[in-house]
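What follows is each chain in one-letter form.
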Amino acid sequence: MTPLAPPATIAFLGLGMMGRPMAARLVEAGFKLRLFDISQKAVSDFIGAHPSALATASPKAAAQGADALITMLPDGKIVRQAVIEGRDAAREGLVAGALVLDMSSSNPVDTQKLARDLAASGVALLDAPVSGGVKRAIDGSLSIMVGGAAADLERARPVFAAMGRTITLCGPAGAGHTMKALNNYLSAAGLVAMCEALVVGEAFGLDPGTMVDVFNSSTGKSKATEVKGRQFVVSRTFAAGFTTGLMAKDLRTAGEVAQHLELNMPMLQRAVAYWNDANGKLGVAADHTEIFRYAEMLAEEGT
Ligand code: NAD
């Protein structure tokens, strides 16, 4: 099968914090885009900046004539609605031989079912969630974790290469989504550990900025200390561009995978409960770095 090189046509569903810059990279690489988002503003803003892209009225209309369909939607349930189950779903517009690339962070058990259902229409699915956040979506250096067939990845490689720098085939359908949920478990755990350390240190009289600098030159260094510590937590700007709601969803996914495999993971279960409760207190739309405020709230409750 020939690789999907520009000017191949790509249907793109979901122009949010991540979808917008990812779709922009595709336009800049020379792909033709057919767009759909339930937010008309998201679509019109994008077309204002990239007039060659085409707005469509439904997932089905976006999929018509497309060589590949990318979903960058909040979760796997919404992906399933848009691709298969909803009104004017994308599958109705896709031709046999088209590729679906679910780049959202979806639940891998749902993904395995979606792959089977699409295969019945001659459409292959790759799960290809991303890591790196808005900043790396803008500069096209995302880490892309792929689940599915190696031959399908080779077809999709030019599309992924326009958006990411590291493209890793993790295994069969669902492997990319499993990898992503587990990655975000580590990311969330590191962030909470840093926030708790900052709250304790500050109460003892340490300067939080100095603490982050020391972590970054010591063994406590992590992505949280390096790219979120001073930037979003110590500054209290809380503007990393990834919500508490989405992080809690990723942790629940990791917990559900462990449960599906009947594995007892006490730290992971604790992390799921912690982020779910934080969601309730901070609101799902809060930036995930506001977990620092939640750590402060818990600290105030005392021992
Ligand atoms: P977002 O909420 O900013 O964007 C989601 C977009 O999907 C919105 O524009 C919304 O209008 C649209 N949408 C919702 N339902 C729809 C439907 N049925 N049909 C069409 N469009 C629909 O979310 P985001 O931060 O861009 O995240 C998207 C996915 O990427 C999530 O799965 C998230 O977990 C994952 N992710 C996010 C980040 C990040 O830093 N924000 C990083 C890595 C992965």
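J.: I'm lost on the site of the ligand in this one. Help?
T.: For the ligand, the set of nearby residues contains 22 residues, the closest of which are Met-17, Met-18, Asp-37, Pro-74 and Lys-249. In the model, a nitrogen atom of the ligand is placed 3.0 Å from a nitrogen or oxygen of the Gly-241 main chain. Contact distances for the ligand include 2.9 Å between an oxygen atom and a side-chain N or O atom of Lys-249. For the ligand, whose free accessible area comes to 840 Å², the fraction covered by protein is 85%. Within the shell around the ligand, the residues separate by chemical class into twelve nonpolar, seven polar and three charged. Here the shell around the ligand spans two domains, and each of domain 1 (9-172) and domain 2 (179-301) adds at least three residues to it.

J.: Explanation requested: the pairing of strand S1 (residues 9-13) in the structure shown.
T.: For a regular strand, side-chain orientation follows a simple rule: the groups alternate between the two sheet faces. For S1, the tally of buried residues reaches five of five residues, placing the bulk of the element in the interior. Judged by which residues are buried, S1 turns out to be covered on both faces: Thr-9, Ala-11 and Leu-13 on one side and Ile-10 and Phe-12 on the other are all buried. Bridging between S1 and strand S2 (residues 32-36) involves five bridges; their strand directions are parallel. Residue pairing for S2: Phe-12 is matched across the bridge by Leu-35. Viewed along the sheet, the connection from S1 through helix H1 (residues 19-29) into S2 turns out right-handed. Sheet topology note: the S1/strand S4 (residues 68-71) ladder contains four bridges and is parallel. Looking at the pairing, Leu-13 lines up with Thr-71 of S4.

J.: When you look at the packing of helix H8 (residues 175-204) against helix H9 (residues 208-216) in this model, what are you seeing that I'm missing?
T.: Relative placement of two packed helices is described by the angle separating their axes and the distance separating the axes. Viewed as axis vectors pointing N to C, H8 and H9 meet at an angle of 130 degrees, and their least axial separation amounts to 9 Å. Judged by the inter-axis angle, H8 sits oblique to H9. In this structure, H8 crosses over H9, and the sense of that crossing is right-handed. Between H8 and H9, the contacting residues are Ala-197, Leu-198, Gly-201 and Glu-202 on the first element and Pro-208, Met-211, Val-212 and Phe-215 on the second. In the contact of H8 with H9, the residues fall into six nonpolar, one polar and one charged.

Here is what the cut-offs are and how they apply
- Residues numbered from 1 in each chain as written.
- Predicted model: local features only at pLDDT ≥ 70, side-chain atom pairs only at ≥ 80, totals over all residues.
- Heavy atoms only, no water.
- Near = heavy atom within 4 Å.
- Polar contact = N/O pair within 3.5 Å; in protein donor to acceptor, adjacent residues only side chain to side chain.
- Areas by Shrake-Rupley, 256 points an atom, 1.4 Å probe, with all protein chains shown as cover.
- Nonpolar A, V, L, I, M, F, W, Y, C, P; charged D, E, K, R; others polar.
- Domains from an automatic or database assignment.
- Buried < 20%, exposed > 50% of the residue type's maximum accessible area, 1.4 Å probe, protein only.
- Helix = DSSP H or I, 4+ residues; strand = E, 2+ residues; numbered from the N terminus.
- Pairing = 2+ DSSP bridges.
- Right-handed = clockwise from strand over helix to strand, strands pointing away.
- Axes fitted to C-alpha atoms, helices over the stretch in contact; angles between N-to-C directions.
- Parallel < 35°, antiparallel > 145°, perpendicular 65-115°, else oblique.
- Left-handed = near helix turned anticlockwise from the far one by under 90°.
- Contact = heavy atoms within 4.5 Å.

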